[in-house]
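The chain contents come next:
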Amino acid sequence: KLPDSFVFPGITSRVVFGAGSLARTGEEIERLGSKSALVLSTPQQEEQARDLSDKLGFLGAGVFSGAAMHTPVSVTEAALEAFRTSGADCVVSLGGGSTTGLGKAIATRTGADQVVIPTTYAGSEMTDILGETQGGRKTTRRDPSILPETVIYDIDLTLSLPVAMSVTSGLNAVAHSAEGLYASNRNPVISLLAVESIRAFSQALPAIVEKPQDPEARKLAQYAAWLSGIVLGGVAMALHHKICHTLGGTFDTPHAETHAIMLPHTIAYNAVAAPGLLQPLQDIFGMKPGQGLYDLAKRIEAPTRLVDLGLTEADLDKAADIAVENPYENPRPVEREAIRQLLQDAFDGREPS
Ligand code: NAD
């Protein structure tokens, strides 16, 4: 049913999509009117970053390869120093959400333009959201200066993403879209993108598990990741993201795995209160939304148990307490006992109740 009124926030990032599009990075830097770019990466992707910086010729101002999970401010300060001494006026972030986060942190402090080249399915490149950590605390904010100007989706770069990471990163993206369907500020365009991305991932992820180098499956997954990134940036997230932020922030559980494990449970919890809004999931999977996601997770051998992330049952008590404090707006009231049970199901890897 079409809502009576809504706000569509717009989509302003430029997107260059396709195999081999990495070669267009220089053209895109120049298009932004920038003189040269510092290429960012994690230590694991430093070689790729150096290769890109070399290929950029006079547009490449060097590499900073210290990007880390959750954008620690100490890393950003070191990167800012490298950015200043390099003389660059633009950053190129080559990698997953951690590298994109560092590029955003530099851009919002310096006004530098960003070209992001995502190599996972996390979706950060499409959002004006930045989460940073300092002194063990994570703070998240939104600002227009955080949103990347240009995104280059080169499928070839995702071929190296290990199957296990492809699966969890893909489910992280599915989580953005699933929560987008019942977002309090949803709109019909974002809902279309959400449904399309879940449908695409439900085909792409099993195909990647079967044949990791399949270019068609990789193309479909990256297309889906783009759409779910728009959903994440475009509407408010709810219970699922709150619980994952709680677990990641308090117990340092790995980002994508946490999302993958929690997703069937949080969606099952909310499906009771928003059956109509989650009907597209029922249509895609041919079963209840939570069951459908659990079934998909099993088929693609995704992690399903919080206990495997090193959590204890005592941690679940604490997580349930935090999750019910200042809850995000959610279709179903966030009740402590029900949340504790949901966490227990996820801990044990049971089918969602
Ligand atoms: P990540 O960026 O931390 O990457 C994990 C590891 O995989 C890194 O070592 C990375 O170098 C490596 N890697 C990435 N792509 C690869 C490839 N194609 N081949 C081989 N190795 C590769 O993981 P992530 O899940 O993409 O990002 C998680 C981070 O992003 C979290 O900090 C999360 O909070 C943040 N995030 C932010 C937003 C936002 O909108 N602000 C959205 C999603 C995620």
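What counts, and at which threshold
- Residues numbered from 1 in each chain as written.
- Predicted model: local features only at pLDDT ≥ 70, side-chain atom pairs only at ≥ 80, totals over all residues.
- Heavy atoms only, no water.
- Domains from an automatic or database assignment.
- Salt bridge = Lys/Arg side-chain N within 4 Å of Asp/Glu carboxyl O.
- Polar contact = N/O pair within 3.5 Å; in protein donor to acceptor, adjacent residues only side chain to side chain.
- Helix = DSSP H or I, 4+ residues; strand = E, 2+ residues; numbered from the N terminus.
- Nonpolar A, V, L, I, M, F, W, Y, C, P; charged D, E, K, R; others polar.
- Phe/Tyr/Trp six-rings, centres within 6.5 Å; stacked < 30°, edge-to-face > 60°.
- Buried < 20%, exposed > 50% of the residue type's maximum accessible area, 1.4 Å probe, protein only.
- Lys NZ or Arg CZ within 6 Å of the ring centre and 35° of its normal.

A short note on the domain arrangement of the protein chain
What the domain assignment reports for the protein chain is domain 1 (14-158) and domain 2 (163-348). With centres defined by C-alpha atoms, the gap from domain 1 to domain 2 works out at 26 Å. Linking domain 1 to domain 2 there are zero salt bridges. At the boundary of domain 1 and domain 2, one finds seven residue pairs in polar contact (both at pLDDT 80 or more). Mapped by element, the contributors of at least two residues to the side of domain 1 that touches domain 2 are strand E1 (14-17) and helix H5 (155-158). Class assignment of the residues belonging to the side of domain 1 that touches domain 2 gives a composition of 10 nonpolar, five polar and two charged.

As for the packing of aromatic side chains
All told, the structure shown has four aromatic pairs when counted by the stated rule. Between Phe17 and Tyr153, the aromatic rings sit 6.0 Å apart at their centres with planes inclined by 50°, giving tilted as the arrangement. With Phe17 in strand E1 and Tyr153 in strand E8 (residues 150-153), this pair connects stretches of sequence that are 136 residues apart. For Phe17, a relative accessible area of 33% gives the class partly exposed. Arranged with centres 6.4 Å apart and planes meeting at 70°, the rings of Tyr223 and Trp226 form a pair that is edge-to-face. Of the two residues, Tyr223 and Trp226 both sit in helix H8 (residues 215-234), three residues apart, roughly one turn of that helix. Note on Trp226: relative accessible area 22%, which makes it partly exposed. Connected via pairs of aromatic rings, a cluster forms that spans Phe17, Tyr153, Tyr223 and Trp226. Arg332 extends its terminal NZ or CZ atom over the ring of Tyr269, reaching a point 3.7 Å from the ring centre.

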